[in-house]
Amino acid sequence: MSVVLETRSLCKRFGALTVADHIDFQLQAGARHALIGPNGAGKTTFVNMLTGRLAPTSGRIFLGGEDVSTLSQRERVRRGLGRTFQINSLFRGLSVVDNVALAVAERRGMGGRLFRSASSYADVRDEAMALLASLGLAEDAQVNLANLAYGKQRLVEIAITLAMKPRVLLLDEPAAGVPSIETHRILDVLDALPAEIGILIIEHDMDLVFRFAKRITILVNGATLLEGTPEEIAADPRVREVYLGERHD
Amino acid sequence: MRHNGSYSASPRIGLIEWLPWLLGVAAFFYLPEYLSLGARILVYILYALSVDLVVGYAGIVTLGHSAFFGLGAYAAGILSAKVGVTDPMLQMLVAIASCALLGAATGALILRTRGLTLLMLTLAIAAILLEVANKATSITGGADGLSGITVAPIFGLFRFDLFGKTAYWMCLVVLFICWWITRRIIYSPFGASLVGIRENHVRMASIGSPVSMRLLTAYTLSAMLAGVAGALLTQTNQFVGLNVLSFESAGELLVMLILGGVGRIYGAFVGPIVYMIAQDQLAKQFPEYWSLGIGVLLVAIVLFARGGLLGIVDLVVAHAKRGKSAFAGKEAP
Ligand SMILES: Nc1ncnc2c1ncn2[C@@H]1O[C@H](COP(=O)(O)OP(=O)(O)OP(=O)(O)O)[C@@H](O)[C@H]1O
Ligand SMILES: [Mg+2]
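Since the structure is predicted, the reported quantities are computational estimates derived from the model, not experimental observations. (Residues numbered from 1 in each chain as written. Chains lettered and ligands numbered in written order. Predicted model: local features only at pLDDT ≥ 70, side-chain atom pairs only at ≥ 80, totals over all residues. Heavy atoms only, no water.)

A. Examining the sheet that holds strand β8 (residues 198-202) of chain A more closely. Residue and element names in this part refer to chain A. Read across the sheet, six strands follow the order β6-β7-β8-β3-β9-β10 without closing on themselves; strand pairing throughout is mixed. Of all strands in the sheet, those with a lone pairing partner are β6 (81-83) and β10 (223-228), marking the two edges. The sheet shows a mean angle of 20° between the axes of neighbouring strands, taken without regard to direction. By the bridge criterion, four bridges tie strand β3 (residues 32-36) to strand β9 (residues 215-220) in an arrangement that is parallel. Each residue of the ladder has a partner; that of Leu35, found in β9, is Thr217. (Pairing = 2+ DSSP bridges. Helix = DSSP H or I, 4+ residues; strand = E, 2+ residues; numbered from the N terminus. Axes fitted to C-alpha atoms, helices over the stretch in contact; angles between N-to-C directions.)

B. Seen up close, a nonpolar patch on the surface. Residues and elements named next belong to chain B. Together, Val25, Phe29, Tyr30, Leu31, Tyr34, Trp169, Val173, Ile177, Trp180 and Ile181 line one region of the surface with nonpolar side chains, adding up to about 990 Å² of accessible area. For the nonpolar patch, the secondary-structure elements that each account for two or more residues are α1 (19-30) and α7 (165-187). Looking at the nonpolar patch, the element that brings in the most residues is α7, giving five residues. Among the structural elements, Tyr34 can be located in the loop between α1 and α2 (35-57). (Patch = residues over 30% accessible without salt bridge, like charges linked within 9 Å, V, L, I, M, F, W, Y side chains within 5 Å. Areas by Shrake-Rupley, 256 points an atom, 1.4 Å probe, with all protein chains shown as cover. Salt bridge = Lys/Arg side-chain N within 4 Å of Asp/Glu carboxyl O.)

C. Looking closely at the site of ligand 1. Residue and element names in this part refer to chain A. In the vicinity of ligand 1 lie 13 residues, with Asn39, Lys43, Thr44, Thr45 and Gln86 positioned nearest. In the environment of ligand 1, an oxygen atom lies 2.8 Å from a nitrogen or oxygen atom belonging to the side chain of Lys43. Computed on the free molecule, ligand 1 has an accessible area of 630 Å², of which 60% lies beneath the protein chains in the complex. When residues of the shell around ligand 1 are assigned to their parent elements, the largest contribution, three residues, is made by helix α1 (residues 43-51). The residue inventory of the shell around ligand 1, partitioned by class, reads four nonpolar, seven polar and two charged. (Near = heavy atom within 4 Å. Polar contact = N/O pair within 3.5 Å; in protein donor to acceptor, adjacent residues only side chain to side chain. Nonpolar A, V, L, I, M, F, W, Y, C, P; charged D, E, K, R; others polar.)

D. Region of the structure containing the domain arrangement of chain A. Residue and element names in this part refer to chain A. When its domains are assigned, chain A resolves into domain 1 (3-93 + 164-244) and domain 2 (94-143). For domain 1 versus domain 2, the distance between C-alpha centres works out to 27 Å. Contact with domain 1, which involves nine residues of that partner, is made by 10 residues of domain 2. With both chains or domains summed, domain 1 and domain 2 bury close to 720 Å², and 53% of this area falls on carbon and sulfur atoms. Together, Phe91, Met164 and Lys165 form the three largest contributors to the area buried by domain 1 at its contact with domain 2, with a combined 58%. Between domain 1 and domain 2 we count zero salt bridges in total. Our count for the domain 1 to domain 2 interface comes out at three residue pairs in polar contact (both at pLDDT 80 or more). Classifying every residue of the side of domain 1 that touches domain 2 by side-chain character gives four nonpolar, one polar and four charged. (Domains from an automatic or database assignment. Contact = heavy atoms within 4.5 Å. Buried area = accessible area lost by both parts, 1.4 Å probe.)

E. Local environment of the nonpolar core. Residues Val100 and Leu190 of chain A together with Tyr7, Leu46 and Phe269 of chain B are the most contacted members of the largest nonpolar core, which totals 154 residues. The biggest single contributor to this core is α2 of chain B, with 16 residues. Shared between two domains, this core holds at least three residues of each, these being domain 1 (3-93 + 164-244) and domain 2 (94-143) of chain A. Excluding residues that lie within four positions of it along the chain, Leu190 of chain A makes contacts with Ile158, Leu171, Pro174, Ile201, Leu208 and Phe212 of chain A. Among the nonpolar cores identified, the runner-up in size contains 22 residues, and Leu10, Leu35, Met49 and Ile202 of chain A belong to it. (Core = buried A, V, L, I, M, F, W, Y, C linked by side-chain atoms within 4.5 Å. Buried < 20%, exposed > 50% of the residue type's maximum accessible area, 1.4 Å probe, protein only.)

See below:
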């Protein structure tokens, strides 16, 4: 197996607060890897540094073996890095299909064309429609995003990212805010993703984590506490202590 | 009726979109005594259209577009009065080129900022230009304005006449061309991406869109349009005053755009038409109530009708349609 995403000694400080503390992390090709940890552990900040939205205080990031630490978000996207947002980050004034089409167009490198009308690029719209259909959203394609049910908005959040055809996918709490009886829809989507995509998922729902992940990393106060298979993690007493907030003595 | 560039909206020009042009031509024949007001309105529609592209579509807040309107106006004026270039097309080209340069240069500096910072920077740039024009009296005429501007016949054929007939046609044709270009931009993938940036620039960046470059392109294109409007004003008035660069005129333009409706293309038409005709009819009769009235109207629009006058039309149409479908719904079991 090869490493598709790696950090070396990644650090981030907000003033006196250390949110990433020398994180050494590796994501394998085709991985199903979960990053868990208490609120405020620095999980979202870690993702923001990986994508280039936030600059690390120090340390390096490698994507497919290449040092991308100083590259822009755009350059990292072009190298196959995609992410979803913990709190929906969508185009609320646009239709569902347009939300996805924007991402398709950028991936195809024609998002800045000036001369033909956007709707004349039928292939862009068709691809967006096909993607929506595969997520069970075909009937909602023309709906204004702001009028869509919250659970479906979470799926659009994923659809936009899939439209970028990433090799490495960072999912920041994809089921956040979705009632637990509906999280299976999100899980179905995740299970159906192509095996070759390396996935890092941040999630608080332990059922979902243990069903999906083949490998788990625990982040506490910006530092990796533990990494291992789900069995190893479940058996480790420290996990209960720090993550589940139970004192064990 | 919003005009948003999108991958699902047809770019076909609707029947009602020909209405402004029909009115524009009809006004020439039926309101010959108002041609100079008409030409001024056409200029301001173009100016408002340029502002709508950045404010309404790209979501760039600016109060400084008078910099480009003024630069276009002075470029055409100085070229004629000081350099002796009287060909209107040449003047127009130089105005466009200067505005493209200024737009690209200042845009590259300021478009990395957002919100209030950006607003202040756009204001500052307009203020600097105003001060330069005020001080460089030998070139610009300073506070007295720049006169002695002559404009040769268009293509050597159409002479600018005393009644403003040629000027009116020129404004109408140039506005038509600029409208057509702007409309194409808005319906293009680029235009759709601008709306994406306006809706959520964080997400656009995360799907790999070169957000800064897109904004800079939009800003520069818009600067060029404003420059065309400025040059047209000079050519129709054969005079340029400092007021083209003033904060008041930039503010007044924004009032017109908000009145018509922002981010709709035709808000830039409706706003200046309503505002300037009302001003022409009311400002002289009721000078003290005029500003008050505009102020109250603006507050009412911002509070109750964010889409401007066209937004109100949309609401009424939507209401009427809903009434119909509710009726149709009763027939179904
Ligand atoms: N831009 C910022 N400036 C200052 N502090 C920040 C900033 N962003 C995040 N923080 C702080 O860094 C810490 C880690 O935040 P982060 O969002 O990465 O946590 P998280 O592990 O994703 O938490 P959650 O599970 O609640 O999503 C928190 O204490 C947060 O308040
Ligand atoms: Mg988080």
